[in-house]
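Remarks on the overall topology
Residue-level listing of the chains:
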Amino acid sequence: MDNLTLKTHNSQLLIVVIAYLALAGLYSTMVPLGEGPDEPGHAGYAFFLARENWLPVQRFDPGQSDVPGEGHQPPLAYLLASAAVRLLPGEARTPDVIGNPRFVWNGGDQVNALVHGSREYWPWQGSTLAWHLARLVSVGIGAATVALTFFIARHIERGAQSVEGRLEDTPSTIYMPILAAALVAFNPQFLFTMALVTNDALLTALSALLLWLVVRAASGGAKIVNVLAIGVVSGLALITKQSALLLMPVACMGIVRYWKHNSQHGTYKRLLVSLFPCLLVLSIAGWWYVRNRRLYGDLLGLTAFRAEFATQPFEFGSITAWLGALAQLHDSFWARFGWMNLAPPVWVIALFVAVELTALFGYGMLAARQWRTWRIDMTSIVTSNMFVLVLLLVLTLAWIVSFARTAGLVAWQGRFLFPALPAIAVLLARGLAAVGSRQSAVGSRIRTITYCLLLTAYCLVALWLPFGVIRPAYANETVPEQQAQTTLGTPVYARFSDGREKGVELRGWQVAGDATPGGMLEITLTWHALGRASRDWQVFVQLTNGQDQVVASAEAPAKSTTFPMTEWTTGDWVQGRYTLHLPPDLAPGTYTLRVGQFDPQNDSRRNRVYDQKNNVIGNTCTLGTVTIAEK
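Here goes a summary of the coordinates provided. Everything numeric in this text was worked out from a predicted model, so none of it was measured. (Residues numbered from 1 in each chain as written. Predicted model: local features only at pLDDT ≥ 70, side-chain atom pairs only at ≥ 80, totals over all residues. Heavy atoms only, no water.)

Moving on, we come to the packing of aromatic side chains. Tallying each qualifying case throughout the model produces 27 aromatic pairs. Note on F314 and W322: the rings are 5.2 Å apart at their centroids and 85 degrees apart in plane angle, and the pair reads as edge-to-face. On the basis of relative accessible area, F314 is assigned to the buried category, the value being 7%. Residue W322 is classed as partly exposed on the basis of its relative accessible area of 26%. A network of ring pairs unites the aromatic residues Y20, F186, F190, F333, W334, F352, F418 and Y458 as a single cluster. (Phe/Tyr/Trp six-rings, centres within 6.5 Å; stacked < 30°, edge-to-face > 60°. Buried < 20%, exposed > 50% of the residue type's maximum accessible area, 1.4 Å probe, protein only.)

Before going further, it helps to examine the pairing of strand β1 (residues 490-497). Sheet topology places β1 next to strand β2 (residues 504-513); five bridges connect them, and they run antiparallel. What sits directly across from F496, in β2, is V504. Examined bridge by bridge, β1 and strand β9 (residues 608-610) share three bridges and lie antiparallel to one another. What sits directly across from F496, in β9, is V609. (Pairing = 2+ DSSP bridges. Helix = DSSP H or I, 4+ residues; strand = E, 2+ residues; numbered from the N terminus.)

Read across the open sheet, the six strands follow the order β6-β3-β2-β1-β9-β10; overall the sheet is antiparallel. The outermost strands of the open sheet, each flanked by one partner alone, are β6 (573-581) and β10 (616-618). Put simply, the sheet's adjacent strands are angled 40 degrees from each other on average, direction ignored. (Axes fitted to C-alpha atoms, helices over the stretch in contact; angles between N-to-C directions.)

A few words now on the environment of V426. As for its position among the elements, V426 is in helix α16 (residues 421-433). With 246 residues separating them along the chain, V426 and A180 place their C-alpha atoms 5.0 Å apart. V426 has contacts with T149, I152, A153, I156, M176, A180 and L389, leaving out every residue within four places of it along the chain. (Contact = heavy atoms within 4.5 Å.)

The subject of this paragraph is unusual backbone geometry. Look at the link from W122 to P123: it is a cis peptide, with omega at 0 degrees. You can see P123 is positioned in the loop between α3 (76-85) and α4 (126-164). Of note in this structure, N53 is not a glycine but carries a positive phi near 65 degrees. Within the secondary structure, N53 sits in the loop between α2 (39-52) and α3. Of note, the phi angle at D548 is positive, near 65 degrees, even though the residue is not glycine. Within the fold, D548 resides in the loop between β4 (538-544) and β5 (550-557).

Take a look at the structure:
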């Protein structure tokens, strides 16, 4: 590979990494907080470390756990995320998270697992800002995965070029590395996952780094330093996520390659060097598994995990179950958002299936060109880089199947394939690069244009999905503070509280509609939550005459039945609308409009109203007057 090709490759990689960072940053901004598999638990782990400065314990009673659902996880990824949280003061290290009681993982009619309030609008502050900073750690780690995939593909192709004695660059040499990097960088599911607080980001990057070290060992990199690096990376992976155990056979391949390429060192020295990675793994990660054994009774903490996650079991004997599981695994590898409950349009998945089929067609063309000279050499096959890629994919699939025995249907998520994502991308890229790979000047230009169009389309689909699929799925029940302040209407102040809570403030009101007998008035009230409410207070709006008699009234939730007051969080701005039906015989004149709150479980229980000086002024607030005209 000449210097010009290397410079071209490096420029292409820089463009892809920049495009990835822009897209991942966009996803991180547009995906609501907590709306990814297990992200509330992952974020809670990082916040706990930043706040408490010790490792959490997963209790067998999940309600007593320091970090419910995720306390059994190894800590490395959360330590990195907690470093971002520590940039903010202590009060920002406790997220205010409210679960959506109407959310059901499978079959629910609402996609949002959490309730989202005004605090999530820009500009972010407090724990919301800390959460987004922790997400950026995943975004940055994802960039490393993209770059490492590129280097893996380039090393594999350079190794093949050396073995085959090729001096000139082929289409595969030129296009495969950038295709592989792009297949990672513009994978919508990868972008979505990297936009979350998650340990999947670090495990995927460490898997890519390990794969790169093993691939280098086949092309002159089988040195002692490389072997030691394999031990360090393996140890770091094992304190990132327990599924890193599937990477250990791949690490062993790197050690085997050291033995093969360094026979001059002698058996004793090679054996001694081969023991060092094992010692490094034990010293880096061994303490964690000893801790698990002491706390939970097993090395992986599976007992504590099962106490928290009891999902629907997978029917291993059912062909229908297997077809459904594999289809879900495939689709969610490319694009399935939210908590696996937000699917893209069918054409999006069809586009990625077309990429897969084209890659298979490329392998068919490659086989057709080489079948006469191809011979079976099991030693060469087992020691080849392509075998390592396939091995990593097979090991990852095997781990998913074993996880399905432990966790049930929840195991069939595409993100669990991400330890093999670099391998999958390189395998697909090699097939794509092989399509029409015969050399010619015209063919080379056509091929370049085709690949550019493919990558552009791939990037545009990834860009469209946050706007076309993800964000529209999450309704905004609150409004930003600036919008609330500019749409108050007539300013007013009243704080509604039962005395034990901070309650909510009424800050403004507007009236619209037909102010004539028999007409309808729409009253808009702007509320500001000062804290969490213990009950779902309902609102009553009354129109009274000069004798303080109620001539028209309306009763409704403060916002809506899907956003009761118990789900409001501190700082929320909420605009509720209430309709008054005016009697047809209502006499024209000036009437008083007033508002209050009551407990729907006890109609006679009303919330107290306080003024700005914190004095109780009764159980209703007078808004102003409304003039009823003649019809």
